[in-house]
Amino acid sequence: VEQLKPYYQSAKDVDRELNEILYNLDSIMVDSDTQASFGSLHFLRGNLYGRDGHLSALVEACSGIGTPGGSKVVLVSGYSGVGKSSLVEHAKEKLEEKNIHFISGKFDQLQQARPLSAIDAALNEFTNKIIQQGPQTSLEVKEVIINAINS
């Protein structure tokens, strides 16, 4: 029975295994059993690796929204597949722990005919979240929005 490798807990764990592979590359290439054991990296689904700085910066920027001198909107950009959505989801979890409303929208290349589709998605998410909390919350949020518009 093949021994199961533990999932990585940090970027250091991944780095350590990759260095081990490089160090033993000659022997790994000769032995097919060794190739199979090193054939895949074991990432725990839902974990971020090596993105603590980005996550902290995003949470900090979002925490300042609505404060004097704070951000009004925070945008995350980057190449496809680099983990922007995962980063945003982790930030969302951290901010919701602080009782901060966090909404997000994702630009979809297939929705180019709707240039504001990401904003539309974010506002839909927010309104659905408020509606689920009941009529009292809806009235409170309505009042806050009206006051913000009038000030």
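Refer to the structure presented above.
All values reported here derive from a predicted model rather than from experimental measurement.

Analysis parameters
- Residues numbered from 1 in each chain as written.
- Predicted model: local features only at pLDDT ≥ 70, side-chain atom pairs only at ≥ 80, totals over all residues.
- Heavy atoms only, no water.
- Helix = DSSP H or I, 4+ residues; strand = E, 2+ residues; numbered from the N terminus.
- Buried < 20%, exposed > 50% of the residue type's maximum accessible area, 1.4 Å probe, protein only.
- 1 Å grid on protein atoms, 1.4 Å probe; cavity = no way out; pocket = protein on both sides within 12 Å on 5 of 7 lines; lining within 4 Å.
- Points joined across faces, edges and corners; volume = space filled by probe spheres on them.
- Nonpolar A, V, L, I, M, F, W, Y, C, P; charged D, E, K, R; others polar.
- Salt bridge = Lys/Arg side-chain N within 4 Å of Asp/Glu carboxyl O.
- Axes fitted to C-alpha atoms, helices over the stretch in contact; angles between N-to-C directions.
- Parallel < 35°, antiparallel > 145°, perpendicular 65-115°, else oblique.
- Left-handed = near helix turned anticlockwise from the far one by under 90°.
- Contact = heavy atoms within 4.5 Å.
- Expected span 1.5 Å × (residues − 1).
- Arc of directions from axis to C-beta.

Now for the environment of Gly70. Following the sequence through the fold, Gly70 ends up in the loop between α4 (52-63) and α5 (84-97). Gly70 sits in the partly exposed class, given a relative accessible area of 22%. The spacing of Gly70 and Glu60 is 10 residues in sequence and 9.9 Å in space, taken between C-alpha atoms.

Our next topic: the layout of surface pockets. Space inside the largest pocket adds up to approximately 1,600 Å³. Lining the largest pocket are 42 residues; nearest its centre among them are Val74, Ile103, Ser104, Gly105 and Ala122. Listed by contribution, the elements that provide at least two residues to the lining of the largest pocket are α4, α5, α6 (117-132) and α7 (135-150). Here the residues of the lining of the largest pocket sort into 25 nonpolar, 12 polar and five charged.

Turning our eyes to something else, we now look at the pattern of salt bridges. Per the counting criterion, the structure on display carries two salt bridges. Between Glu125 and Lys92 there is a salt bridge; the shortest N-O distance is 2.6 Å. Here Glu125 is found in helix α6, whereas its partner Lys92 is found in helix α5, with 33 residues between them in sequence. Classification of Glu125 as partly exposed rests on a relative accessible area of 22%. The exposure class assigned to Lys92 is buried, which follows from its relative accessible area of 11%. Two residues, Lys129 and Glu96, come together in a salt bridge whose shortest N-O distance is 3.0 Å. Highlighted residues: Lys129 in helix α6 and Glu96 in helix α5, separated in sequence by 33 residues. Classification of Glu96 by relative accessible area gives partly exposed; the value is 38%.

This part covers the packing of α4 against α5. It is the contact of α4 with α5, at a shortest axis distance of 9 Å, that shows an interaxial angle of 50°. Our classification of the angle between α4 and α5 gives oblique. Crossing of α4 against α5: the hand is right-handed. The residues of α5 that touch α4, namely those facing His54, Leu55, Leu58, Val59, Cys62 and Ser63, are Leu87, Val88, His90, Ala91, Lys94 and Leu95.

Attention now goes to α4. In a regular helix each residue adds 1.5 Å, so 12 residues correspond to 16 Å; α4 covers 16 Å between its end C-alpha atoms and thus fits that length. Along α4, the positions that sit buried rather than exposed are Leu55, Leu58, Val59 and Cys62. What you see down the axis of α4 is that its buried residues fit within an arc of 95°, all on one side. The exposed set on the far side of α4, more than 90 degrees from its buried face, consists of Gly53 and Glu60. Here the buried face of α4 lies against α5.

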